[in-house]
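A structural walkthrough
These are the residues of each chain, in order.
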Amino acid sequence: MVSIRNVVPAAALIVSSILFASALSTPPVVLRRTNRIHIACSVVPKAMESTISMSKRKKNRKKRNQQLRKEQQQSSSASSSYYKSHYNFSNEREDVDEWLIRSTALILGEDETQQEEECSIKSGLPSQCASMQEYLYHARSVMKAWTHWNSRNTLGYRRDARLTVEVIFKRVLYVITHEETTTADAAEISELRPMLVSLVNIIIDAWANGNDVNEEAVAHTEGWLHFLQTGEMMDEIEEEKSLVVIGPDEESYRGVVKAYIRTQKRIYLEKALTLLEEMSSSSNHPNTIYPSTLTYNLVLYGLANAQPSSKKNAEIAENLLQKKMISSSQEENCVPDSNSFRQVISAWTKTGSRYAIEKTDEILNQILNDFPNIDPDASTFNAIMTLNLRLGRVEDAISVFNKMVAMHESERIGTQPDIYSVNLLLKAMTRQRQHNQRQNLNEADDLVKTMEDTYHVHPDVQSFNIVIDAWSKSKLPEAVSRAERLLDVMERRCRDDSLAAKPDSYTFTSVLDSIARSEHSFHRAEKVFHRIEKLFQDGIVERPTIPVYNAYLNALVSSKDVDVLDRVESIFANMITERNANIRSYNTMLKAYSQFRSGRNGYFSRPLKAEELLTQMEEHSGIPYPDGYSYTTVINCFARSIVDRKAKKARQILDKMIQSYAAGNAAAKPQIYAFNGVLSASAHTHHTRFPEERLEAFTILVSTFLLLREWTEPNDSTYILFFQACERLLPKGHRLYEQVIETVVYSCVRDGQMSAKVMHALHNIAPDLAQQFEKIDAKE
């Protein structure tokens, strides 16, 4: 018969080595209920409330030991069979979880020979461990296992795992100080100090590495650092303080700093800086613990990512790098590395200032000249390129990229551009000066096709999207064909290689937008959309999204084809049926009704249909509520129509817009375009043969102009429309004509809107007044 004492050490070594390669994502509570689960679910949480109660265990120790001897043969056979299964490298995840529960029971001293309802805790060193060193080694493996399981789980068990690690360590302390076969004097405990420090560091890391580092996690890390420094547990009663001061090491401080940084709160960043200063300024202490490069890098990372970004954070980060890591005479474990420089450069780039460009160039040159063994990685250069692009320094961004390539060619391997670097280069190339736009886009087009050979990186979907979007917005005559050609390249690569970059929603919308801007026939947009559907049917791309449908609708609406409206209505109806329509879909449909087209049937503006759709949006709860664009589009739809009394109807829509905003619809806040739409409707009422309608339109013109000032400021279009309306609605001999014109002109001058266009409109309606103002301007 195999002895448990002989099997456990070997099994512990084997299982601890494979434990971290196994995904401990299945919480132990899902396993069948055994004594081990009783430990995980009942004993561990109870043990957190206080240390293990010795008085209750001593009362029944003799009885339990007798029962243990009687059942030793049966239990040892079952246990050794279990450990042998791990020795043979079982890949069952449940076996690994079972090992974790059994090992935790072993460390806590659970008597496995008892039934669940009689489960108890044994005192002293477990019988399966031959020595204290073996017991501590096994405890460390189990604690690391719980920590690993804690980091892998995204459910609600993370806190319990971290508490379990604390319980295990408290049990270890108890065994060390109460083991009957151990004197536990200061000298012997001193020999165990490195192992005990490593166990506490595991606890600190467990709290610092969780996905939800908060005030509780910080409190636990601070408490365990305090324990290492003083030997006092913050939640322990006076009688149960540790007998010795273990003393922290650099890793202990680093874990606390990491917890501070991961909270992403300014108050804890200040604490991290304070703790770092305490470590680095204690040079006269006999047991000085210098911060390592890793600890400095954590603080630098916190400064670089602190919100909001500030120049002060960047200056503190640079000061730590220059004065503490480079100029200081500390030990070699704080020499800056590539990450140190990257975090300082990142801190400067996130300030977004032009001064930051000077600082980043200065730090980059320092790396190149003073640290030949450090290769700044692609992320460092990418941060500088991003800052240059943000500030519009396109040529400087390209220069930074070329410097990175030159360093790589000079055998500084770490500076090889990655896909993000090349994508930044593509953005810079597509944003260069407009007079070379065609040449720049052609070069970017060639690069996206050849970057595998040039820079040894595969283009991703963003690479293609950058160039396609640039062609789409270029307004060049060949823009549509070039965008479609890049889509051809992507489709061909996807069909040949399943790992190649696949077109996404942004790709399709960019191609369709290029068609909308070029005003091609709607048949071209239909061809592209049918192609998208074919790619989806072949399983190459995802189902077309709502933005793709909206771009398709917009391309059809923008085609200016007379007969396209019926097609747009059909597609829009299908989108509503399939619940794929959002506010932009409805606004595009309103835009279709407002288009001003001339065909066999005259004007194509459909204000009544637009008003009907707007009413549906207001009254039906299952569809998007109208926003400012919706109301403004309907107002302009009436302005472009030939319906009777359109000025009054446009003003009614404006009043509904104001009421909607007053009722809490913040998206419906009236802007200058809505007011100008009503003025336009008034100005285009001159075709009516009814004088009453022209008088009504003039009244609406004046009242809307006065109302406008309560919401916004007029622009030059406002005054141009007003002058046009006066010319068309008032007879030139009318007594109000010159008075109104002169008043509005002075208002225009006061608002600073007397542009060349306004002056031209004034010449048409009041040439004498226009000449008078021209003379005044000439004198000034």
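Residues numbered from 1 in each chain as written. Predicted model: local features only at pLDDT ≥ 70, side-chain atom pairs only at ≥ 80, totals over all residues. Heavy atoms only, no water.

1. Quick notes on the overall build of the chain
Selection criterion: Helix numbering and strand numbering both begin at the N terminus, where a helix is a DSSP run of H or I of at least 4 residues and a strand a DSSP run of E of at least 2. Note on contacts: a residue pair qualifies if any of its non-hydrogen atoms lie within 4.5 Å across the two residues.
Tallying secondary structure elements over the chain gives 36 helices and two strands in all. A fraction of 70% describes how many contacts in the chain between residues 6 or more apart in sequence connect residues 24 or more apart.

2. Quick word on the packing of helix H30 (residues 646-662) against helix H32 (residues 691-708)
Here is the rule: To define axes, lines are fitted to C-alpha atoms, for helices over the stretch in contact only, and angles between the resulting N-to-C directions are given on a 0 to 180 degree scale. For classification purposes, angles smaller than 35 degrees are called roughly parallel, those larger than 145 roughly antiparallel, those between 65 and 115 roughly perpendicular, and all remaining angles oblique. Handedness of a helix crossing follows the sense of rotation of the near helix relative to the far helix, less than a right angle counterclockwise being left-handed and clockwise being right-handed.
It is at 9 Å that the axes of H30 and H32 come closest, and there the two elements cross at 30°. Taken together, the axis directions place H30 and H32 in an arrangement best described as roughly parallel. The hand of the H30/H32 crossing is left-handed. The residues of H32 that touch H30, namely those facing Lys 646, Ala 647, Lys 648, Arg 651, Leu 654 and Ile 658, are Glu 693, Glu 696, Ala 697, Ile 700, Ser 703, Thr 704 and Leu 707.

3. A word on the nonpolar core
Applicable threshold: For the purposes of this section, nonpolar cores are sets of buried Ala, Val, Leu, Ile, Met, Phe, Trp, Tyr and Cys residues that join through side-chain atoms within 4.5 Å. Here's how the labels work: a residue is buried when its accessible area is under 20% of the maximum for its type, exposed when over 50%, partly exposed in between, all with a 1.4 Å probe on protein chains only.
Formed by 211 residues in total, the largest nonpolar core has its most connected members in Phe 169, Phe 723, Ile 741 and Leu 762. A per-element tally of this core places helix H9 (residues 186-208) first, with 11 residues.

4. Thoughts on the side chain of Asn 423
Rules: Residues adjacent in sequence count toward polar contacts only when both atoms are side-chain atoms; beyond that, a polar contact is any pair of N or O atoms within 3.5 Å, and within protein one must be able to donate a hydrogen and the other to accept it.
Mapped onto the fold, Asn 423 is located in helix H19 (residues 419-430). Exposure remark for Asn 423: the relative accessible area of 2% places this residue in the buried category. Here Asp 460 takes part through its side chain, which lies 3.3 Å from a polar atom of the side chain of Asn 423. Among all residues touching Asn 423, those that are not within four sequence positions of it are Asp 460, Gln 462, Ser 463 and Ile 466.

5. Section: the confidence of the model for the chain
The test is simple: For every residue, the predictor assigns a confidence score, pLDDT, that lies between 0 and 100.
The share of residues in the chain with pLDDT of 70 or more is 76%, and the mean pLDDT across the chain is 79. Of the regions scoring below 50 in pLDDT, residues 68-93 engages in 38 contacts with residues more than four places distant in sequence or in other chains. Here residues 180-184 is a poorly scored stretch, pLDDT under 50, and it has seven contacts once near neighbours within four places are set aside; other chains count.

6. Thoughts on the pattern of salt bridges
Test applied: Just to be clear on terms, a salt bridge is a Lys or Arg side-chain nitrogen sitting within 4 Å of an Asp or Glu carboxyl oxygen.
Enumeration according to the criterion identifies 27 salt bridges in this entry. Note that Lys 473 and Asp 469 form a salt bridge whose closest N and O atoms lie 3.2 Å from each other. One end of the pair is Lys 473 and the other is Asp 469, both in helix H21 (residues 461-474) and four residues apart, which spans about a single turn. Residue classification places Lys 473 among the partly exposed positions, given a relative accessible area of 48%. Its relative accessible area of 15% is what places Asp 469 among the buried residues.

7. Description of unusual backbone geometry
Cis geometry is found at the peptide bond from Gln 307 to Pro 308, where omega equals -5°. Mapped onto the elements, Pro 308 comes out in the loop between helix H13 (293-304) and helix H14 (311-326). Although it is not a glycine, Gln 264 sits at a positive phi angle of roughly 60°. The topology assignment puts Gln 264 in the loop between helix H11 (250-262) and helix H12 (266-280). Within the chain, His 456 stands out as a residue other than glycine whose phi angle is a positive 60°. If you trace the backbone, His 456 turns up in the loop between helix H20 (437-455) and H21.

8. Structural notes on the environment of Phe 227
Within the secondary structure, Phe 227 is located in helix H10 (residues 215-230). Accessibility expressed as a relative area gives 1% for Phe 227, which makes it buried. Between the C-alpha atom of Phe 227 and that of Gly 247, which follows or precedes it by 20 residues, the distance is 8.3 Å.

9. A short note on the packing of aromatic side chains
Spelled out, the test is: The aromatic pairing rule takes the rings of Phe, Tyr and Trp, using the six-membered ring of Trp, and pairs them if the centres are within 6.5 Å, calling planes under 30 degrees apart stacked, those over 60 edge-to-face and the rest tilted.
For the coordinates displayed, the defined rule picks out 13 aromatic pairs. For the ring pair Phe 401 and Tyr 455, a centre distance of 5.2 Å and an interplane angle of 85° mean the geometry is edge-to-face. You can see Phe 401 sitting in helix H18 (residues 394-409) and its partner Tyr 455 sitting in helix H20, a full 54 residues away along the chain. Classification of Tyr 455 by relative accessible area gives buried; the value is 17%. Note on Phe 705 and Tyr 719: the rings are 5.8 Å apart at their centroids and 70° apart in plane angle, and the pair reads as edge-to-face. Pair noted here: Phe 705 is in helix H32 and Tyr 719 is in helix H33 (residues 716-729), with a separation of 14 residues, a long-range link.

10. Looking at the packing of helix H25 (residues 546-557) against helix H26 (residues 565-577)
One way to put it is that H25 packs onto H26 with a least axis distance of 10 Å and a crossing angle of 165°. By the angle between their axes, H25 is roughly antiparallel relative to H26. Once H25 is placed against H26, the crossing between them reads as left-handed. Contacts between H25 and H26 involve Tyr 549, Asn 550, Tyr 552, Leu 553, Leu 556 and Val 557 from the first element and Arg 567, Val 568, Ile 571, Phe 572 and Met 575 from the second.

11. Observations concerning the environment of Tyr 301
Along the polypeptide, Tyr 301 turns up in helix H13. Residue classification places Tyr 301 among the partly exposed residues on the basis of a relative accessible area of 41%. Beyond its immediate chain neighbours, meaning those up to four positions away, Tyr 301 contacts Ile 261 and Gln 343.

12. Observations regarding the environment of Ser 559
You can see Ser 559 is positioned in the loop between H25 and H26. Linking Ser 559 and Ile 515, residues 44 residues apart in sequence, is a C-alpha distance of 8.1 Å. Excluding residues that lie within four positions of it along the chain, Ser 559 makes contacts with Glu 519, His 520, Ser 521, Phe 522 and Val 564.

13. Section: the side chain of Asn 388
Looking at the element boundaries, Asn 388 is found in helix H17 (residues 378-390). In this structure Asn 388 comes out as buried when scored by relative accessible area, which is 2%. With sequence-adjacent residues up to four places away left out, Asn 388 is seen in contact with Ile 357, Arg 393, Asp 396, Ala 397 and Val 400.

14. Concerning H20
Counted only if it meets this: One less than the number of residues in a helix, times 1.5 Å, gives the span that helix is expected to have. A residue's bend is given by the angle between axes fitted to the 7 residues ending at it and the 7 residues starting at it.
Helix length check: H20 (19 residues) gives 24 Å between terminal C-alpha atoms against 27 Å at 1.5 Å per residue, more than 12% under. Residue Lys 449 marks the point of greatest curvature in H20, where the axis turns by about 65°. Looking at H20, one finds that the buried residues are Gln 437, Asn 440, Leu 441, Ala 444, Asp 445, Leu 447, Val 448, Met 451 and Tyr 455. On the buried face of H20, the contacting elements are H18, H19, H21 and helix H22 (479-496).

15. Focus: helix H23 (residues 505-518)
With 14 residues, H23 extends 20 Å from end C-alpha to end C-alpha; this agrees with the ideal 20 Å at 1.5 Å per step. Three or more residues of H23 are buried, namely Thr 507, Phe 508, Thr 509, Ser 510, Val 511, Leu 512, Ser 514, Ile 515 and Ala 516. On the buried face of H23, the contacting elements are H21, H22, helix H24 (522-537) and H25. Its side-chain oxygen 3.2 Å from the backbone nitrogen of Tyr 506, Asp 504 forms the N-cap of H23. Where H23 ends, the next residue or the one after it, Glu 519, has phi of about 60°, a positive value.

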